[in-house]
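Examination of the molecular architecture
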Amino acid sequence: MATYQQGVLGDFSGKVGTVIGSRWRGKAVLRSLPNKSHKPPTPAQQKQRNRFKCIHGFLTPIKDLLNETFGAPVKSKSRYNLAFSYHLKEATIFNGVDFIIQYNKVLISMGPLRGLEDVVVETQENQPLTLQWTDNSNQGMAYADDRLLVVAYAPAIKQFACFTPTVQRSDTAYLLNFEPVFQGLEVQLWAGFSNPKKALSATSCYLGPYTV
């Protein structure tokens with residue numbers, strides 16, 4: 001691996017011929033393509049690959065969201081990189097056959113804003129789920145104009161529903177109107193706040209499973 005400053009190709013990322021350009025710890029680096037190994041992975045290697053695959057498959061659909069709501073970039077690590085690392089360590093469990101997601105450990109946002117307080121999810125037959133909370137904007141790191149963020153995941157169809165309305169912390173209630181494909185399905189729910197003006201988020205809370 002070699003570092004470089006500008007040069008013939010300039011600063012680039014991706015593959016050009018047998019060379020890969022990227023950034024590492026804030027520096028432009030070049031490295032050659034690795035030789036492909038024909039050795040079968042060891043059980044430990046395969047287990048780790050399966051763990052990566054589990055997290056990658058789960059988080060990829062909400063990658064853009066996590067790049068806005070999860071912590072703050074650290075040098076060359078994006079918010080999504082931070083989210084991936086967190087979930088890899090904290091949100092997977094091996095069930096004896098493969099890795100599965102621990103939904104109560106999943107975070108859809110992370111940051112210093114104060115989270116939701118006294119959250120209640122009301123369910124009524126043939127009615128949208130209703131999310132209610134207490135306006136705690138008089139407390140530290142809680143602002144009246146913080147925006148609500150809700151994410152739902154339906155394991156049966158492996159699909160997310162993301163709600164990023166203009167509803168604010170001070171509004172204290174929101175109706176979750178799901179698309180027809182979610183009707184009758186159990187969804188896992190998470191909620192938090194974000195403040196685009198301040199580029200801050202709250203660490204989300206897990207609300208549990210509910211039937212749409």
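Everything that follows concerns the structure shown earlier in this document.
Below you will find a few notes about this structure. All values derive from a computational prediction rather than experimental measurement.

Estimates place the volume of the largest pocket at around 340 Å³. Around the largest pocket sit 15 residues that line it, and Cys-54, Phe-58, Ile-101, Tyr-153 and Lys-158 are the ones nearest its centre. Per-element accounting of the lining of the largest pocket gives the leading share, 5 residues, to helix H1 (residues 43–59). For the lining of the largest pocket, the class distribution of residues is 10 nonpolar, 2 polar and 3 charged. Each pocket or cavity is described by its volume, and for the second largest pocket that value is around 240 Å³. Lining of the second largest pocket is provided by 15 residues; of these, Glu-68, Thr-69, Ser-194, Asn-195 and Pro-196 occupy positions nearest its centre. Broken down by secondary-structure element, the contributors of at least two residues to the lining of the second largest pocket are helix H2 (63–69), strand E9 (147–154), strand E12 (186–195) and strand E13 (200–201).

Attention now goes to the pairing of strand E11 (residues 173–176). The alternating pattern of E11 places Tyr-174 and Leu-176 on a buried face, while none of Ala-173 and Leu-175, on the opposite face, is buried. Judged from the 4 bridges that link them, strand E8 (residues 129–132) and E11 form a sheet pairing that is antiparallel. Note that in E11 the partner of Leu-129 across the bridge is Leu-176.

Ranked by internal contacts, the top residues of the largest apolar core, which has 24 residues, are Leu-131, Trp-133, Leu-148, Val-150, Leu-176, Phe-178 and Leu-189. Of all the elements in the fold, those that place two or more residues in this core are E8, E9, strand E10 (159–163), E11 and E12. The residues contacting Phe-178, other than those within four sequence positions of it, are Leu-129, Ala-152, Ala-161, Phe-163, Gln-183, Val-187, Leu-189 and Val-212. Counting 23 residues, the second-largest nonpolar core is a separate cluster that includes Val-106, Leu-107, Val-151 and Phe-160.

In any sheet, the strands associate via hydrogen bonds between backbone groups, in a parallel or an antiparallel arrangement. Strand order in the open sheet made by the 3 strands is E7-E8-E11, with antiparallel pairing throughout. Lying at the two open borders of the sheet, with one neighbouring strand each, are strand E7 (120–122) and E11. Strand after strand, the sheet turns through a mean of 20 degrees between neighbouring axes, direction not considered. As defined by bridge partners, E7 adjoins E8 across 3 bridges and the pair is classed as antiparallel. Paired with Val-121 across the strands is Leu-131, a residue of E8.

As a further point, take the pattern of salt bridges. Going through the model one piece at a time under the given rule, you end up with 1 salt bridge. Put simply, Asp-146 and Arg-169 hold a salt bridge, and the shortest N to O gap is 2.7 Å. Residue Asp-146 is located in the loop between E8 and E9, and its partner Arg-169 is located in the loop between E10 and E11; the two are separated by 23 residues in the primary sequence.

Moving on, we come to helix H3 (residues 79–90). Taking 1.5 Å per residue as the helical rise, H3 with its 12 residues ought to reach 16 Å, and the 16 Å between its terminal C-alpha atoms agrees with that figure. For H3, every residue scored as buried is listed here: Arg-79, Tyr-80, Ala-83, Phe-84, His-87 and Leu-88. For H3, the arc enclosing every buried residue in end-on projection is 165 degrees, short of the 170-degree limit, so these residues lie on one face. Among the structural elements, H1, H2 and strand E5 (92–94) are those in contact with the buried residues of H3.

Parameters and conventions
Residues numbered from 1 in each chain as written. Predicted model: local features only at pLDDT ≥ 70, side-chain atom pairs only at ≥ 80, totals over all residues. Heavy atoms only, no water. 1 Å grid on protein atoms, 1.4 Å probe; cavity = no way out; pocket = protein on both sides within 12 Å on 5 of 7 lines; lining within 4 Å. Points joined across faces, edges and corners; volume = space filled by probe spheres on them. Helix = DSSP H or I, 4+ residues; strand = E, 2+ residues; numbered from the N terminus. Nonpolar A, V, L, I, M, F, W, Y, C, P; charged D, E, K, R; others polar. Buried < 20%, exposed > 50% of the residue type's maximum accessible area, 1.4 Å probe, protein only. Pairing = 2+ DSSP bridges. Core = buried A, V, L, I, M, F, W, Y, C linked by side-chain atoms within 4.5 Å. Contact = heavy atoms within 4.5 Å. Axes fitted to C-alpha atoms, helices over the stretch in contact; angles between N-to-C directions. Salt bridge = Lys/Arg side-chain N within 4 Å of Asp/Glu carboxyl O. Expected span 1.5 Å × (residues − 1). Arc of directions from axis to C-beta.

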